[in-house]
Amino acid sequence: MAHPTLDEMMARMRAAREAGSANEASAEQLQRLRELARDCPAFTPNLLELSRLLRLTDEPGVEMDQALEEIEQLLEQAVQASARGAPALLELAHFVDVFRSSPSRAEALFEESVASALHALEHSWAGLIEFWAMERTKEALEKALKLAELAERVFPESPSIFNAVEDARLGAIRTGLLPRREG
């Protein structure tokens, strides 16, 4: 059997959403999401949605321990499939904190989530500053310089932020937005 395409997976997820509620899943909705998780075990959006709905839904005939095991397995799978991305780590950290009473593990997961998010933010800001600097318009350079101030405060040791800010400042100097440097 061929692996479903992204469009097919998204269509199946939409169909599952339409089969229930965002706050309490129907049996059909859970069945569809579980089938998608079985067929596409690395499709992180589905894993996170299924785990969230399982936390909000009391399934008839399913013991709490059994439900928690399934949820934890889905979240661990989402963390792995997302290459330990911040959103999946955050969901697992909340689960561990609330349902597993494991403060040291929860703290480590929250910290890893923060580090992942900060890494993405640092490189996103550097890219945006560079993008605006390349636009070379007064408005774009003003936005780049404004973001540069914040980025330098948040990431004072970042080479990518430093390089992007320098490019923005040079562009601002060339356009007369900033005074020329002496020396």
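Keep in mind that this is a model prediction, so the values were computed, not measured.

A. Quick peek at the overall build of the protein chain. For the protein chain, the count of helices and strands is eight helices and zero strands. Going from N to C terminus, the protein chain has its helices and strands arranged as α-α-α-α-α-α-α-α. Computed over the C-alpha atoms, the radius of gyration of the protein chain is 23 Å, more than 25% above the 16 Å expected from 2.2 N^0.38 for a compact globule of 183 residues. When the backbone C-alpha atoms are referred to their principal axes, the protein chain occupies close to 75 × 40 × 30 Å. By the burial criterion, 36% of the 183 residues in the protein chain qualify as buried. In the protein chain, the share of contacts with a sequence separation of at least 24, taken over all contacts with a separation of at least 6, comes to 53%. Total accessible area on the protein chain is roughly 11,100 Å²; 55% of this is exposed by carbon and sulfur atoms. For the protein chain, the centre of its 20 positive side-chain charges and the centre of its 32 negative side-chain charges are spaced 7 Å apart.

B. Focus on the environment of Ser 51. As for its placement among the helices and strands, Ser 51 is situated in helix 3 (residues 44-56). Using a relative accessible area of 0% as the deciding quantity, one classes Ser 51 as buried. Placed 90 residues apart in sequence, Ser 51 and Leu 141 show a C-alpha to C-alpha distance of 44 Å. The residues contacting Ser 51, other than those within four sequence positions of it, are Ile 71, Leu 74 and Leu 75.

C. Layout of unusual backbone geometry. Phi at Ala 83 takes a positive value of approximately 55°, unusual for a residue other than glycine. Tracing the sequence through the fold places Ala 83 in the loop between helix 4 (64-81) and helix 5 (86-99). Positive phi is not limited to glycine here, since Arg 136 has a value of about 60°. Mapped onto the fold, Arg 136 is located in the loop between helix 6 (103-135) and helix 7 (138-154). Under the relative-accessibility criterion, Arg 136 is labelled partly exposed at 46%.

D. Layout of the packing of helix 1 (residues 6-18) against helix 2 (residues 27-39). At a minimum axis distance of 8 Å, the contact between helix 1 and helix 2 shows a crossing angle of 160°. One finds that helix 1 runs roughly antiparallel with respect to helix 2. In this structure, helix 1 crosses over helix 2, and the sense of that crossing is left-handed. Contact with helix 1, carried on its side by Met 9, Arg 12, Met 13, Ala 15, Ala 16 and Arg 17, involves Gln 29, Arg 32, Leu 33, Glu 35, Leu 36 and Asp 39 of helix 2 and no other residues of that element.

E. Local environment of the side chain of Glu 59. Structurally, Glu 59 can be placed in the loop between helix 3 and helix 4. Of the polar contacts made by the side chain of Glu 59, one reaches the side chain of Arg 34; its length is 2.7 Å. Among all residues touching Glu 59, those that are not within four sequence positions of it are Leu 30, Arg 34 and Leu 54.

F. Examining helix 5 more closely. For helix 5, which comprises 14 residues, the first-to-last C-alpha distance of 20 Å matches the rise-based estimate of 20 Å (1.5 Å per residue) to within 8%. Where helix 5 is concerned, the buried positions are Ala 86, Ala 88, Leu 89, Leu 92, Ala 93, Phe 95 and Val 96. Where helix 5 is buried, its residues meet helix 3, helix 4 and helix 6. Downstream of helix 5 by one or two residues, Ser 101 has phi in the positive range, about 45°.

G. Layout of a nonpolar patch on the surface. Taken together, the side chains of Val 114, Leu 118, Leu 121, Leu 150 and Val 154 define a hydrophobic patch exposed on the protein surface, amounting to about 350 Å² of accessible area. For the nonpolar patch, the secondary structure elements donating two or more residues are helix 6 and helix 7. Along the chain, Val 114 turns up in helix 6.

Rules behind the numbers
- Residues numbered from 1 in each chain as written.
- Predicted model: local features only at pLDDT ≥ 70, side-chain atom pairs only at ≥ 80, totals over all residues.
- Heavy atoms only, no water.
- Helix = DSSP H or I, 4+ residues; strand = E, 2+ residues; numbered from the N terminus.
- Rg over C-alpha atoms; globule rule 2.2 N^0.38 Å.
- Buried < 20%, exposed > 50% of the residue type's maximum accessible area, 1.4 Å probe, protein only.
- Contact = heavy atoms within 4.5 Å.
- Areas by Shrake-Rupley, 256 points an atom, 1.4 Å probe, with all protein chains shown as cover.
- Lys, Arg positive; Asp, Glu negative; His and termini not counted.
- Charge placed at Lys NZ, Arg CZ, Asp CG, Glu CD.
- Axes fitted to C-alpha atoms, helices over the stretch in contact; angles between N-to-C directions.
- Parallel < 35°, antiparallel > 145°, perpendicular 65-115°, else oblique.
- Left-handed = near helix turned anticlockwise from the far one by under 90°.
- Polar contact = N/O pair within 3.5 Å; in protein donor to acceptor, adjacent residues only side chain to side chain.
- Expected span 1.5 Å × (residues − 1).
- Patch = residues over 30% accessible without salt bridge, like charges linked within 9 Å, V, L, I, M, F, W, Y side chains within 5 Å.
- Salt bridge = Lys/Arg side-chain N within 4 Å of Asp/Glu carboxyl O.

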